[in-house]
Amino acid sequence: MEAMFNTVKGWQENPAKFARSHGVSLSPEVEESDPETGLHILIVEGFLLYNYKPMVDIYDKCYYIAIPYEECKQRRSTRQYKVADPPGLFDGHVWPMYLKHRKEMENNCNCIEYLDGLKPQEEIYNQVYESIQNTLLNIL
């Protein structure tokens, strides 16, 4: 998490320079923009992102897709792993660890926008897209 934190901080200092140093092609507009005034968006994705307090302090927006126990268990049971889950793993480890980390997350970050993971992916995407777009309209 510390390495990810340092990477995000490096991006914040100069997004265009950071992108170039990581082999990302930039449009001419971005290349010429002032890192202080230009608009740059970084999306950080992954679970446990809200459990590391230094990272929480630098997020502008936080989203969390939640699903209930039954749906989570059903989805996990349809995954194809090279090594199958041993019997009882979900109830004995996966779900209890999820609850533990979710409680930590809720204690660390009070700005999370919870999304209904039972909705279609496109609807969730549109909800996040609209939220980000509204935020940008309010700051421009």
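Structure's up top.
Draft legend 1. A look at the overall build of the chain. Of the regular secondary structure elements, the chain holds seven helices and two strands. Mapped in sequence order, the helices and strands of the chain form the string α-α-α-α-β-α-α-β-α. At 18 Å, the chain has a C-alpha radius of gyration far larger than the 14 Å of a compact globule built from 140 residues. Projected onto its principal axes, the C-alpha positions of the chain cover 55 × 30 × 30 Å. Residues classed as buried in the chain amount to 24% of the 140 residues present. Here the contacts in the chain between residues at least 6 apart in sequence split such that 62% fall between residues at least 24 apart.

Draft legend 2. The arrangement of helix H7 (residues 121-139) in detail. Taking 1.5 Å per residue as the helical rise, H7 with its 19 residues ought to reach 27 Å, and the 27 Å between its terminal C-alpha atoms agrees with that figure. The inward-facing, buried residues of H7 abut strand E1 (62-66) and strand E2 (112-116).

Draft legend 3. Molecular detail of the packing of aromatic side chains. All told, the structure shown has seven aromatic pairs when counted by the stated rule. Taking the centre distance of 6.0 Å and the plane angle of 15 degrees together, the rings of tyrosine 125 and tyrosine 129 count as stacked. Remark: tyrosine 129 and tyrosine 125 occur in helix H7; sequence separation between them is four residues, near one turn of the helix. Here tyrosine 125 falls in the exposed class, since its relative accessible area comes to 52%. Taken together, the aromatic side chains of Tyr69, Phe90, Trp95 and Tyr98 make up a single cluster linked through ring pairs.

Draft legend 4. Fine view of the nonpolar core. The biggest cluster of nonpolar side chains holds 18 residues, and the ones touching the most others in it are Tyr50, Met55, Tyr59, Cys62, Tyr64, Cys109 and Ile112. Taken together, the elements giving at least two residues each to this core come down to helix H1 (2-13), helix H4 (53-56), E1 and helix H6 (89-108). Sorting elements by how many residues they give to this core places H6 first, with five residues. Beyond its immediate chain neighbours, meaning those up to four positions away, isoleucine 112 contacts Tyr50, Cys62, Tyr63, Tyr64 and Met105.

About the thresholds
Residues numbered from 1 in each chain as written. Predicted model: local features only at pLDDT ≥ 70, side-chain atom pairs only at ≥ 80, totals over all residues. Heavy atoms only, no water. Helix = DSSP H or I, 4+ residues; strand = E, 2+ residues; numbered from the N terminus. Rg over C-alpha atoms; globule rule 2.2 N^0.38 Å. Buried < 20%, exposed > 50% of the residue type's maximum accessible area, 1.4 Å probe, protein only. Contact = heavy atoms within 4.5 Å. Expected span 1.5 Å × (residues − 1). Phe/Tyr/Trp six-rings, centres within 6.5 Å; stacked < 30°, edge-to-face > 60°. Core = buried A, V, L, I, M, F, W, Y, C linked by side-chain atoms within 4.5 Å.

So, to be careful, I would describe these as geometric facts and stop short of saying anything about function.
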